[in-house]
Amino acid sequence: MSQVAKTNEDVNDGDDSFLSDAIRAFRRNRMAMAGLLLISILFFLALFAPLISTHDPYRVALGEQFMPPSMTYWLGTDNFGRDLVTRILYGARISLVVGIVPSFISLVIGTVFGIISGYYGGKVDFIIMRLADMMIAFPSLLLAMVVMYTLGANLFNIFIALSLVGWAGVARVVRSQTLAVKEKEFIEAARANGTSKASIMLRHIFPNVVPTLIVLFSLSIPEAIMWESSLSFLGVGVQPPEASWGLLVAKGKEYLFAAPLVAIMPGVAILVTVLAFNFVGDGLRDALDPYMKD
């Protein structure tokens, strides 16, 4: 019993050391910290949008079309006289939700299929991987558009479309991690002790792929934001009068020369948000991947 306790203590110490090293490595990455700061500001602005801007994002005032930037309207107004800053702030809510929810759903689906495929192998592996290959081979944007045209253009269907697009890549990565982990000695020991397959996958394999999943999740969020913006820009995503960044760019491009801020500023918001998440994702990858360390 003392030997087992000592082994568990050593494992816990190793986990704590790995976590501490990863946090220090992430903090030393200036671009990652800058991205984390931008994301924190973005979440704050989106959460407290009604307090930051007192304008109604849906109020139509045709007499105030394309007002120039002023103390009342910091970035001016759009073609319906709506405050552009307010529309961008409320658009951040949609973009963040669309970035996080489908990414999490695809992560869960891909993790389950990836672990099952890698652990069982054989016909199970063949079926799951061929299905994943079909999903990856199909153009992602076209697949998402087909889903949206079929089910209808609303926020819930965007979750479905982006989840279908994203799970296959996660499954392939998790499968490769599972194939490497299941050959380790501690997995063989668990099998010898009569541990069930479900318990091995959940208690022994899954914790070893968590660092990879964290990186995949952080990098899939900006991708989902880009997909949503693309779908909204093409008219099959979020529908008016909702404030989506892609939709704002699509409507603002008609007035690009008369009122350039209407189209440019939502595009800048997309650019900054995607860069911030990518910086954080790169920082997490460098911190959690031992092969990236010096």
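The following refers to the structure shown. From a predicted model like this one, the values you see are computed outputs, not experimental measurements.

**Structural notes on the overall build of the protein chain**
Along its length, the protein chain carries eleven helices and zero strands. Each helix (α) and strand (β) of the protein chain, taken in turn from the N terminus, gives the series α-α-α-α-α-α-α-α-α-α-α. Each principal axis of the C-alpha distribution contributes one length, and for the protein chain these read about 80 × 45 × 30 Å. Intrachain contacts of the protein chain at a sequence separation of at least 6 include 68% that bridge at least 24 residues. Total accessible area on the protein chain is roughly 15900 Å²; 68% of this is exposed by carbon and sulfur atoms. Positive and negative side-chain charges in the protein chain, numbering 22 and 23 respectively, have mean positions lying 4 Å apart.

**Here we look at helix H10 (residues 245-252)**
Burial runs high along H10: seven of the eight residues are buried. When H10 is considered as a whole, its buried residues turn out to be Trp245, Gly246, Leu247, Leu248, Val249, Ala250 and Gly252.

**Comments concerning the packing of helix H9 (residues 197-233) against H10**
Running from amino to carboxyl end, H9 crosses H10 at an angle of 35 degrees, the nearest separation of the two axes being 7 Å. In terms of crossing hand, the pair formed by H9 and H10 is right-handed. Facing H9, whose interface residues are Ser229, Ser232 and Phe233, H10 presents Gly246, Leu247, Val249 and Ala250. A per-class count over the contact of H9 with H10 returns four nonpolar, three polar and no charged.

**Thoughts on the environment of Pro69**
Residue position: Pro69 is located in the loop between helix H3 (49-52) and helix H4 (84-120). The exposure class assigned to Pro69 is partly exposed, which follows from its relative accessible area of 48%. Between the C-alpha atom of Pro69 and that of Arg30, which follows or precedes it by 39 residues, the distance is 33 Å.

**Re unusual backbone geometry**
With an omega of 5 degrees, the peptide bond between Pro240 and Pro241 qualifies as cis. Along the polypeptide, Pro241 turns up in the loop between H9 and H10. Phi is positive for Phe66, which is not a glycine, with a value near 50 degrees. Relative to the elements of secondary structure, Phe66 occurs in the loop between H3 and H4. Overall, the relative accessible area of 28% leaves Phe66 in the partly exposed class.

**Details of the packing of H9 against helix H11 (residues 260-288)**
The geometry of a pair of packed helices is captured by two quantities: the angle between their axes and the separation between those axes. Viewed as axis vectors pointing N to C, H9 and H11 meet at an angle of 165 degrees, and their least axial separation amounts to 8 Å. The pairing of H9 with H11 is recorded here as roughly antiparallel in orientation. Two packed elements cross with a definite hand, and for H9 against H11 that hand is left-handed. Where H9 approaches H11, its residues Pro211, Ile214, Val215, Ser218, Leu219, Ile221, Pro222, Ile225, Met226 and Ser229 are matched on the opposing element by Ile270, Thr273, Val274, Phe277, Asn278, Gly281, Asp282, Leu284, Arg285 and Leu288.

**So, the side chain of Ser95**
Its location among the elements puts Ser95 in helix H4. Using a relative accessible area of 0% as the deciding quantity, one classes Ser95 as buried. When neighbours within four sequence positions are excluded, Ser95 is seen to be in contact with Ile225, Glu228 and Trp245.

**Let's talk about the nonpolar core**
Counting 25 residues, the largest nonpolar core has Phe26, Ile88, Trp245 and Phe277 as its most contacted members. No other element matches the nine residues that H11 contributes to this core. Sequence-distant contacts of Ile88, that is, excluding residues within four places in its chain, are made with Leu75, Trp245, Leu248, Met265, Pro266 and Ala269. With 23 residues, the next largest nonpolar core counts Ile94, Phe159, Ala161 and Ala168 among its residues.

**Details of the packing of aromatic side chains**
Applying the stated criterion across every chain yields a total of four aromatic pairs. Between Phe44 and Phe48 the ring centres are 5.0 Å apart and the planes differ by 45 degrees, which places this aromatic pair in the tilted class.

**A few points about a nonpolar patch on the surface**
A contiguous nonpolar surface patch, about 910 Å² in accessible area, is contributed by Leu37, Leu38, Ile41, Leu256, Phe257, Ile264, Val268, Leu271, Val272 and Leu275. Secondary-structure elements contributing two or more residues to the nonpolar patch are helix H2 (30-47) and H11. Checked against the element boundaries, Val272 lands in helix H11. Relative accessible area serves as the criterion here: at 36%, Val272 is assigned to the partly exposed category.

So, how was this worked out
- Residues numbered from 1 in each chain as written.
- Predicted model: local features only at pLDDT ≥ 70, side-chain atom pairs only at ≥ 80, totals over all residues.
- Heavy atoms only, no water.
- Helix = DSSP H or I, 4+ residues; strand = E, 2+ residues; numbered from the N terminus.
- Contact = heavy atoms within 4.5 Å.
- Areas by Shrake-Rupley, 256 points an atom, 1.4 Å probe, with all protein chains shown as cover.
- Lys, Arg positive; Asp, Glu negative; His and termini not counted.
- Charge placed at Lys NZ, Arg CZ, Asp CG, Glu CD.
- Buried < 20%, exposed > 50% of the residue type's maximum accessible area, 1.4 Å probe, protein only.
- Axes fitted to C-alpha atoms, helices over the stretch in contact; angles between N-to-C directions.
- Left-handed = near helix turned anticlockwise from the far one by under 90°.
- Nonpolar A, V, L, I, M, F, W, Y, C, P; charged D, E, K, R; others polar.
- Parallel < 35°, antiparallel > 145°, perpendicular 65-115°, else oblique.
- Core = buried A, V, L, I, M, F, W, Y, C linked by side-chain atoms within 4.5 Å.
- Phe/Tyr/Trp six-rings, centres within 6.5 Å; stacked < 30°, edge-to-face > 60°.
- Patch = residues over 30% accessible without salt bridge, like charges linked within 9 Å, V, L, I, M, F, W, Y side chains within 5 Å.
- Salt bridge = Lys/Arg side-chain N within 4 Å of Asp/Glu carboxyl O.

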